[in-house]
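Examining the three-dimensional arrangement
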Amino acid sequence: MITLVMLLILSQTPQSLKEVPPPQYYKNVHLRRPPVRIYKKLFKAATNPDSVSIYGDSAYYYWNKKNYKKAKYFFEKLMKFKPAAAYYYTDYGYFLLEIGKTGKAIKMFKKVLKKFPYNEDLLLTLFDLYEDNVKEKRKIAERVLKVTLNDSIRQVMTHYLETTHYTPFTYSFYWGTYYTARENFVDSDTRLNIYLGNLWGIKPLVGVRFLYDSRSGRTNIYEDDHIFTYLGLAWSWHYLISVFAYYGYYKRVKIWKPVMEGTNYQLLAFLSKDWIHSMGKLGSLIFSLYSEINYEKRVDNNVTLDIETNTGYQKKFGKFTLEPSIYFKFLRDRRKLYYNNLSEIGPEIDLTYVYWLVFFTKLVRGYYAGIESGEPNPYNSNSYWDFRIGFYIAR
């Protein structure tokens, strides 16, 4: 009889209470209480409208409803009261992961670990999140071995420690190639930087860059087809702003303008930021901004400004991410050369494998901004259509 009554009660349970989804990324998270509907009258009637309980219940309720905007609002309200319960911070970290704020999630987990340095669930989470950060990942693996009783986990951590070692030498690699229909040419850019340690956030480096352009030399206006070997320094702030200073030797492969060959100073600074608004299972709305200022001695101390944006939609399919968007580019050149003084707009489709291999195609309408150097317009038109297709690898 008791069993029958329980079944009847469960059959009447609202759908939102029966289907509380587990966290998207990790298991063994603190079990959140079933969502409690928070009515406006509750806020009005509460003697303490800023109570931890009300904001906590509201955050969990909207999280389970996939209303990420409101859940984030209530979590942020909750955090301002610095609640004593550690699970609030842990759960907020998992919430940040779910909405794509990985960097903020890691900071939250590290904050909890300061108080609970051997929390196995958090250690395993960070082990996964650190990805290519070998130094931090090894530290986490050593901590896990001290606390875990799971033989399978011990084997994974031991294997990782035996097969990796921390080195102060790191690298970055980029190779991009694309075809453009407007002038029927192929452009290829290959760059390799090797970083020699880290001193107060500044990384000394050695590197090489090779550019190939099948149109190089045409009408004597292009400056591609070159090799640049250099020493330099790199500095970045929260993966948002990066600055590179280079000094090296610039060698043209097809020498049409010999005066542009020889030693070269270059300063490159760029801002890169992505905004993602999750739509649950439907995907995410995205907006990205890339802005670059580039100075080079070799081109009469020339300075260029490049701003690129993408506004569109993002959908994940396993290890692949599809991203249709509207692309806009604004490029200005202090010397005001035609090919470096323009704006473009049009649709773009990107297909990303994991995070390091990207295939792209775009159709753009471009407009030249004019010229003041006395150089004639080699295109015989102030606007153009162009179709491009290509890929790049960045690691």
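The preceding data block contains the structure.
Worth saying up front: this structure is predicted, and the values here are computed from it rather than measured. (Residues numbered from 1 in each chain as written. Predicted model: local features only at pLDDT ≥ 70, side-chain atom pairs only at ≥ 80, totals over all residues. Heavy atoms only, no water.)

The next point concerns the pattern of salt bridges. Tallied over the entire structure, the rule returns eight salt bridges. Measuring nitrogen to oxygen at the nearest pair gives 3.8 Å for the salt bridge that ties Lys 139 to Glu 136. Of this pair, Lys 139 and Glu 136 are both found in helix H9 (residues 134-147), three residues apart, which corresponds to roughly one turn of the helix. Taking relative accessible area as the criterion, Glu 136 reaches 24% and is therefore assigned partly exposed. (Salt bridge = Lys/Arg side-chain N within 4 Å of Asp/Glu carboxyl O. Helix = DSSP H or I, 4+ residues; strand = E, 2+ residues; numbered from the N terminus. Buried < 20%, exposed > 50% of the residue type's maximum accessible area, 1.4 Å probe, protein only.)

Counted by the stated rule, this structure contains 31 aromatic pairs. Ring plane angle 20 degrees and centroid distance 6.5 Å describe the contact between Tyr 60 and Trp 63, whose orientation is recorded as stacked. Linking Tyr 60 with Trp 63, this pair stays in helix H4 (residues 52-64), spanning three residues, or about one helical turn. One exposure class covers both Tyr 60 and Trp 63, and it is buried. By the ring-pair criterion, three or more aromatic residues cluster together here, those being Tyr 60, Trp 63, Tyr 68, Phe 75, Tyr 87, Tyr 88, Tyr 92 and Phe 95. Taking the ring centre of Tyr 327 as reference, the NZ or CZ of Lys 362 above it sits at 3.7 Å. Above the plane of the ring of Trp 356 lies Arg 395, whose end atom (NZ or CZ) is 4.8 Å from the centre. (Phe/Tyr/Trp six-rings, centres within 6.5 Å; stacked < 30°, edge-to-face > 60°. Lys NZ or Arg CZ within 6 Å of the ring centre and 35° of its normal.)

So, on to the packing of H4 against helix H5 (residues 68-80). Running from amino to carboxyl end, H4 crosses H5 at an angle of 155 degrees, the nearest separation of the two axes being 8 Å. Here H4 is positioned roughly antiparallel relative to H5, judged by the angle of their axes. Considering only the axes of H4 and H5, their crossing is left-handed. Here Val 52, Tyr 55, Gly 56, Ser 58, Ala 59, Tyr 60, Tyr 62 and Trp 63 of H4 come into contact with H5, specifically with Tyr 68, Lys 70, Ala 71, Phe 74, Phe 75, Lys 77 and Leu 78. For the contact of H4 with H5, the residue count by class is 11 nonpolar, two polar and two charged. (Axes fitted to C-alpha atoms, helices over the stretch in contact; angles between N-to-C directions. Parallel < 35°, antiparallel > 145°, perpendicular 65-115°, else oblique. Left-handed = near helix turned anticlockwise from the far one by under 90°. Contact = heavy atoms within 4.5 Å. Nonpolar A, V, L, I, M, F, W, Y, C, P; charged D, E, K, R; others polar.)

With that settled, consider helix H6 (residues 86-98). Spanning 13 residues, H6 covers 19 Å between terminal C-alpha atoms, matching the ideal 18 Å at 1.5 Å per step. In terms of burial, H6 is a largely internal element, 11 of the 13 residues being buried. In this structure, the buried residues of H6 make contact with H4, H5, helix H7 (102-115) and helix H8 (120-129). Phi turns positive one or two residues past the end of H6, at Gly 100, with a value near 90 degrees. (Expected span 1.5 Å × (residues − 1).)

Moving on, we get to the packing of H8 against H9. Remark: H8 packs on H9, axes separated minimally by 9 Å, with the N-to-C direction vectors making an angle of 150 degrees. It follows that H8 is roughly antiparallel to H9 by the angle criterion. The interaxial crossing formed by H8 with H9 has left-handed handedness. Facing H8, whose interface residues are Glu 120, Leu 123, Leu 124, Leu 126 and Phe 127, H9 presents Lys 137, Ile 140, Ala 141, Arg 143, Val 144 and Val 147. The class makeup of the residues in the contact of H8 with H9 is eight nonpolar, no polar and three charged.

Structural measurements only, silent on function.
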